[in-house]
Amino acid sequence: MSARLVRRDHLAAWLFLVPVIASMLVVAVWPLGRTFFFAFTDAFLDDPSVYSMVGIDNLIEVFNDHTWWLAVRNTLTFTVISVAIETALGLAIALLINEAIPGRGLARAAILVPWAIPVVVSTKIWEWMLNDQFGVINKLLEALGFIDHGVAWTASGSLIMGVVIFIDVWMTTPFMVLLILAGLQMISQEIFEAAEVDGIPAWKRFWSITLPMLRPAIGVAVLFRTLDALRMFDLSYVLAASNEKVMTVSIYARDRLISFQELGVGSAASTWVFLLVALVAIIIIGALRLDRAAGH
Amino acid sequence: MASVSMESVSKSFGTHSVIHDVDLKIDDGEFVVFVGPSGCGKSTLLRIVAGLISASSGTVKIGGDDVTDVPASKRGVAFVFQSYALYPHMTVARNIGFALETMGIRRDAIAQKVQQVARMLKVDHLLNRRPRELSGGQRQRVAIGRALVRQPEIFLFDEPLSNLDADLRMEMRMEIAKLHDDLKTTMIYVTHDQSEAMTLADRIVVLNHGRIEQIGTPSELYRQPGNRFVAGFIGSPRMNFLAVETPAAHDDEHIVGPGGLAIGRSPSDSIPVAEIGIRPEALRLVPTGTGRLDCMLERVEDLGHEHFAYCRVGSGTLWVVRLPAAPNTDTIGKPAALTFDDHSLFFFAADGRRLLPSAEPLGVRSALS
């Protein structure tokens, strides 16, 4: 190719990139940059134009806040347990509806329903179903004789984290199923047939063929879900507002920023959230070697 | 090693019937090729033998034992797929040895067997590679190695060479033939390529629309096809056909056709001949007026060692004639004539049955439905 053609190709490439770069600047780089900037100021939300630079004082304040570490612990507990359950359930359901069972099409469509309902709606539905006096769950358990009086699922400090995890599992397992099912369907059926003819028992077919070949799909699903879970806000907030038992890092940052009007400290908290999510993402991508798995 | 037999095996998927009442006996150590056009049910039949598909009705026996309800994993057969179906995340060595891992064989014994098989198939230098790092031919060798290492009773091949280029296909064909000579294991091989069937098979099973059209050795099928389908399927280039008429017998000329064709005898008095067939190598191209059939020489293909003339017979039919030498280029596009010996003609009834000059039609396709 002549130098002129190369130049023209480069120009075309840049032209195609301009819309993406422009929108990224507006919706990602600018807000993120503003947040980072305010993290180093003592600004308040009522008038962000009045501020002075305070260095890393805000970051240190958040770091030394007991509530922040409570929120970190809640977030990590929620993330690890919910993603683990969702992955296991998602894999099991995906394997099941990948089989040629009757009503498979209907099952595949029906499984998406919880995923399609807005989080706020799902949470409110479950909150009512779990209500200690009027909830259908308590009625059912009472009728079956498991309990003699209604359990305060969402009021009891020891139960509420379990409830949050349960609702999240109910809502987002379909997402896991869908991603893992897509991965399953990428595997050639003949590979399983080959293993079958070779006399490989079912458990070994699953362990040595299905699971390793699903690794990229499961990895991507776990990554997506983990990043989602780490910045979870709506579910906990709708169910328990700022209850410290289920306060996530996002709720903490929101409280500092909006409730307490501390733009500087709130931005610092947001920066910590960003760093936390980035760190976990890097660890997962490294551990699952997703970058390499994707390239095969 | 084992024999295979199928007794009135049928298979349908829902209301769609793909195999109709197949009876077949394959002897121990035999190399049998299922051949037929795509969609004829040959792969389905092979999968029924493997146990990957269950028969809707009928009995499958391997080594005399009824295996109709035995799962694929317990049938002691090995299957080589067209797509090779190698495990992409395993090395070549593990691909070959994987089946042995669950058989309670010690690690070093597995490694030794894998090494031995790999050496035999000339892939021993690739043992640490992954399938994606291999060429098509190498993948096929690994797939065969994976079958070989288990020392199966029966080898099943499902179009194993279709994804290879022509040179490699020829080479692998030789190797599979040699493998059968060495192992003397029963092999069933599916292909749509009649030349693969002709070169490999002890016996060929020709399938069409889920039915067996004819079973026989390659030379039997070539010389004595039982019906028009087999006559047209076996042989390359394919047999030439021509629709003819059998007028009421009032003189010596019993069969007449386009281009002045007149054949002085009919194989059967009761069943009229609807079509004649003749192979390209049985025809000779001669100047107009000296042959038995007038035609138009439209085109000549020069393959170096042989030449094919394409002759328009009558209004629509194009015949292929094999020529020993290139004809004079002046003759192309001009009328010519063809001649042949009566004994190289094949006669077919309107339903496709072959009519034998002796009188009785061949009984292969007795019940046409």
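Look above for the structure.
A short tour of the structure in this document, coming up. (Residues numbered from 1 in each chain as written. Chains lettered and ligands numbered in written order. Predicted model: local features only at pLDDT ≥ 70, side-chain atom pairs only at ≥ 80, totals over all residues.)

Broken down by element type, chain A carries 14 helices and zero strands. When the helices and strands of chain A are placed in sequence order, the string is α-α-α-α-α-α-α-α-α-α-α-α-α-α. Against the 2.2 N^0.38 benchmark of 19 Å for 296 residues, chain A shows a C-alpha radius of gyration of 24 Å, more extended than a compact globule. Out of the 296 residues in chain A, the part that is buried amounts to 31%. (Helix = DSSP H or I, 4+ residues; strand = E, 2+ residues; numbered from the N terminus. Rg over C-alpha atoms; globule rule 2.2 N^0.38 Å. Buried ≥ 20, exposed ≤ 12 C-beta atoms within 10 Å, placed from the backbone.)

Residue-level contacts link 17 residues of chain B with 16 residues of chain A. The set of elements that each furnish at least two residues to the side of chain B that touches chain A consists of β6 (77-80) and α2 (92-101) of chain B. Take the side of chain B that touches chain A: its biggest share by element is three residues, from β6(B). Split into classes, the residues belonging to the side of chain B that touches chain A amount to 11 nonpolar, four polar and two charged. (Contact = placed C-beta atoms within 7 Å. Nonpolar A, V, L, I, M, F, W, Y, C, P; charged D, E, K, R; others polar.)

All names here are of chain B. Spatially, the four strands line up as an open sheet ordered β2-β1-β4-β5, and their pairing is antiparallel. Of all the strands in the sheet, the pair left with one neighbour each is β2 (16-26) and β5 (65-66). Two elements, strand β1 (residues 4-13) and strand β4 (residues 57-62), share five bridges in a ladder whose sense is antiparallel. Along β4, the bridge assignment pairs Met6 with Val60. (Pairing = 2+ DSSP bridges.)

Moving on, we come to the sheet that holds strand β11 (residues 240-243) of chain B. One open sheet accounts for four strands, arranged β11-β14-β20-β21 (chain B); its pairing is antiparallel. Because the sheet does not close on itself, it has two edges, and the strands there are β11 and β21 (354-355) of chain B.

Glancing now at helix α10 (residues 202-230) of chain A. Residue and element names in this part refer to chain A. Between its first and last C-alpha atoms α10 spans 36 Å; for 29 residues at 1.5 Å apiece the expected length is 42 Å, and the helix comes up short by more than 12%. The largest bend along α10 reaches roughly 50° and is located at Arg215, with the proline Pro216 sitting one to four residues downstream. If you check which residues of α10 are buried, you get Ile209, Leu214, Ala217, Gly219, Val220, Ala221, Val222, Arg225, Ala229 and Leu230. (Expected span 1.5 Å × (residues − 1). Bend = angle between axes of the 7 residues up to and from the residue.)

Of note, Arg47(B) is situated in helix α1 (residues 42-50). C-alpha separation for the pair Arg47(B) and Arg169(B), spaced 122 residues apart in sequence, amounts to 23 Å.

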